[in-house]
Amino acid sequence: DALPIYGLDPSWCTIPVSEVSLFPQDQDRARISVHPPSGSQAQAGKHDFMVRVISRENPAERTSVPATLEVLQKLALEVGLSPQRATSTRDGVFQVTLANPSNVELTVDLSAADPEEGCAFRFEPQRVSLGPGQIRRVPLRVTPKAKAPRGEVRRYDFTVRAASATAQIEAQVVMGSL
């Protein structure tokens, strides 16, 4: 009997025995190992599949066994800022890099703040959807609220916060300076 599996990526399955010999009214077991890849390559959730058994002697004799594999969520979020420091007489332009090494889609809300409340922050966009394994770069414009007096240099340290709106995941923070 052949033991093909339908509905799962073949690389996820190992079937040590491809044939089982049976006499009439006999029965036997065949072990099937299912090993989805780690990380973002195996999307979280239920994956229905089917094991089909077909007699080599009489192909009309066949049966199918439905099964379900549940891949658990692996949650993670990574954030970066480039450049980390910018010098400008007006606006500072930065790139926020978001990476989703999870195996679920994440919706991420971005925010920023500086302790002196001396800057305005504008993300384009402020809410980002990231598929499993996806990386996105989001422009960030940092604008001082008041002009520095002539000849004076002001430095604004700020934090960028990336928080998932869809999953219980710890918010990630990165520091920047204008």
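Relevant structure appears above.
Overview of the structure.

Now for the packing of aromatic side chains. On inspection of all chains with the given rule, the structure shows 2 aromatic pairs. Relative to phenylalanine 158, the ring of phenylalanine 94 has its centre 5.3 Å away and its plane inclined at 75 degrees; by these criteria the two rings are edge-to-face. Here phenylalanine 94 is found in strand S7 (residues 92-99), whereas its partner phenylalanine 158 is found in strand S12 (residues 157-164), with 64 residues between them in sequence. A single burial state applies to phenylalanine 94 and to phenylalanine 158, both of which are buried. Seen from their ring centres, phenylalanine 121 and phenylalanine 158 are 5.5 Å apart, and the 50 degrees between their planes marks the pair as tilted. With phenylalanine 121 in strand S9 (residues 119-123) and phenylalanine 158 in strand S12, the pair connects residues that are 37 residues apart, well separated along the chain. On the basis of relative accessibility, which here comes to 1%, the residue phenylalanine 158 falls in the buried class. Aromatic rings pair up to connect Phe94, Phe121 and Phe158 into one cluster. Its end group placed over the ring of tyrosine 6, arginine 52 keeps NZ or CZ at 4.4 Å from the ring centre.

Attention shifts here to the nonpolar core. In terms of nonpolar packing, the biggest core is built from 25 residues, with Val96, Leu98, Leu110 and Leu140 touching the most fellow members. Elements that contribute at least two residues to this core include exactly S7, strand S8 (106-113), S9, strand S10 (127-130), strand S11 (135-144) and S12. When near neighbours in sequence (up to four residues on either side) are disregarded, leucine 110 contacts Val96, Leu98, Phe123, Pro125, Gln126, Val128, Val138, Arg161 and Ala162.

Analysis parameters
- Residue numbers here run from 1 along each chain, matching the order of that chain's written sequence.
- Local features in this predicted model are restricted to residues of pLDDT 70 or higher, and side-chain atom pairs are both shown and tallied only at a pLDDT of 80 or more, whereas totals for entire chains, interfaces and linings draw on every residue.
- Excluding hydrogens and water, the side-chain figures rest on all heavy atoms present in the structure.
- Aromatic contacts are taken between Phe, Tyr and Trp rings whose centres are within 6.5 Å, Trp giving its six-membered ring; a plane angle under 30 degrees counts as stacked, one over 60 as edge-to-face, and the others as tilted.
- Here a strand is any run of E in DSSP of at least two residues, a helix any run of H or I of at least four, and the numbering for each starts at the N terminus.
- With a 1.4 Å probe rolled over the protein chains alone, any residue whose accessible area is under 20% of its type maximum counts as buried; one over 50% counts as exposed, and the rest are partly exposed.
- By the criterion adopted, a ring carries a charge over it if an Arg CZ or a Lys NZ lies within 6 Å of its centre and within 35 degrees of its normal.
- Here the nonpolar core consists of buried residues drawn from Ala, Val, Leu, Ile, Met, Phe, Trp, Tyr and Cys, with membership extended through side-chain atoms lying within 4.5 Å.
- Residues count as neighbours in contact if any of their non-hydrogen atoms are within 4.5 Å of one another.

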